[in-house]
Amino acid sequence: MRLFYYAIFFILINNCYSMDFYRIKVYEILCRDCGEAEIDCNKFFENNQSINESLLEFPVGFKNAERFYIAQNFGEINPRFRNRYHLGEDWNYIGGGDSDFGAPVYSIGKGVVSMTKDLGGGWGKVIRICHRLSAEASTKLGINYIESVYAHLSAFHIQTGDIVERGRWVGSIGNSNQAYPSHLHFELRSALGEDLGGGYESEIPIFYLKPSLTIDSLYSSE
Ligand SMILES: [Zn+2]
């Protein structure tokens, strides 16, 4: 009998990244730190004072979101995820379905890659990038830092620790091993290195930013 419980426990642990309804609960309980950053960005910026960003661009559609639209907005309540708030924006190509599979995902600004991990299940391949804002941009937005999160990717084109420029092709759009139609789940945060979380919460934590609004406020059309 004891062996039976061990077996169940083992199965639960191994399913902790899975994406279906029942398993999402398990994911929340057991994978709280699965998406932990691999680099301490606060320390990194202390040692790299010259790295900052004053302008931002969109992560898809030739860096200006051309031919892309937001299929699910930030803060939208999703009944499929127990009526919790969506903490990012889901970017889709106008062609629908998997027509954007493999399309480039760009870094919204200069920064350091703090995580490139394949979390499987609902998250898939995830990139986290830390950005420090220039003095001017900080004043404009009222924050000093932004962390950008790019999820469900099909490929990584950078590594953890890379310093990337604004507009750098960092990953490609994917569908988390066919968990969804292809799209980019994209989050922005005003705090660095917070828990990756589950993409949805019953209350929106204070450090989450509305992605498009934030980018629009500093948008570069170069
Ligand atoms: Zn999403």
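The structure we're discussing is the one just above.
The present account deals with the structure reproduced in this document. Here, residues in each chain are numbered from 1, in the same order as that chain's written sequence. pLDDT decides what is reported in this predicted model: residues at 70 or higher carry local features, side-chain atom pairs at 80 or more are listed and counted, and totals for whole chains, interfaces and linings draw on all residues regardless.

**Describing the sheet that holds strand E3 (residues 84-86)**
One open sheet accounts for three strands, arranged E2-E3-E13; its pairing is antiparallel. Only two strands of the sheet have a single neighbouring strand rather than two, namely strand E2 (77-78) and strand E13 (200-201). Strand direction decides the pairing type here: E3 and E13, joined by two bridges, are antiparallel. Paired with Tyr 85 across the strands is Glu 201, a residue of E13. By the convention used here, strands pair only if DSSP detects at least 2 bridges between them. Strands are runs of DSSP state E lasting at least 2 residues, helices are runs of H or I lasting at least 4, and numbering of each runs from the N terminus.

**Quick look at the pairing of strand E7 (residues 125-132)**
Partly exposed residues are those whose C-beta has more than 12 but fewer than 20 other C-beta atoms within 10 Å; 20 or more makes a residue buried and 12 or fewer makes it exposed, with C-beta atoms placed from the backbone. Within E7, eight of the eight residues are buried, leaving the element largely enclosed by the surrounding structure. Neither face of E7 is exposed, since Lys 125, Ile 127, Ile 129 and His 131 on one face and Val 126, Arg 128, Cys 130 and Arg 132 on the opposite face are all buried. As defined by bridge partners, E7 adjoins strand E8 (residues 145-153) across seven bridges and the pair is classed as antiparallel. Among the inter-strand pairings, Ile 127 is bridged to a residue of E8, identified as Tyr 150.

**Details of the nonpolar core**
Ranked by internal contacts, the top residues of the largest apolar core, which has 41 residues, are Val 105, Val 126, Ile 127, Tyr 150 and Leu 184. Elements supplying a minimum of two residues to this core: strand E4 (89-93), strand E5 (104-106), strand E6 (111-118), E7, E8, strand E12 (184-189) and strand E14 (208-209). Looking at this core element by element, the count peaks at six residues for E8. Setting aside chain neighbours within four positions, we find Val 126 in contact with Gly 35, Met 115, Lys 117, Leu 119, Val 149, Tyr 150, Ala 151 and Leu 196. In plain words, the nonpolar core is the set of buried Ala, Val, Leu, Ile, Met, Phe, Trp, Tyr and Cys residues that C-beta atoms within 7 Å link up. Contacts here follow a simple rule: the backbone-placed C-beta atoms of the two residues must lie within 7 Å.

**A closer look at the pairing of E8**
Regular strands place side chains that alternate from one sheet face to the opposite one. Counted residue by residue, E8 has nine buried out of nine residues, so it is predominantly covered. Summarising the sheet, E8 and E12 pair through five bridges and their orientation is antiparallel. Within E12, the position partnered with Ala 151 by the bridge is His 185.

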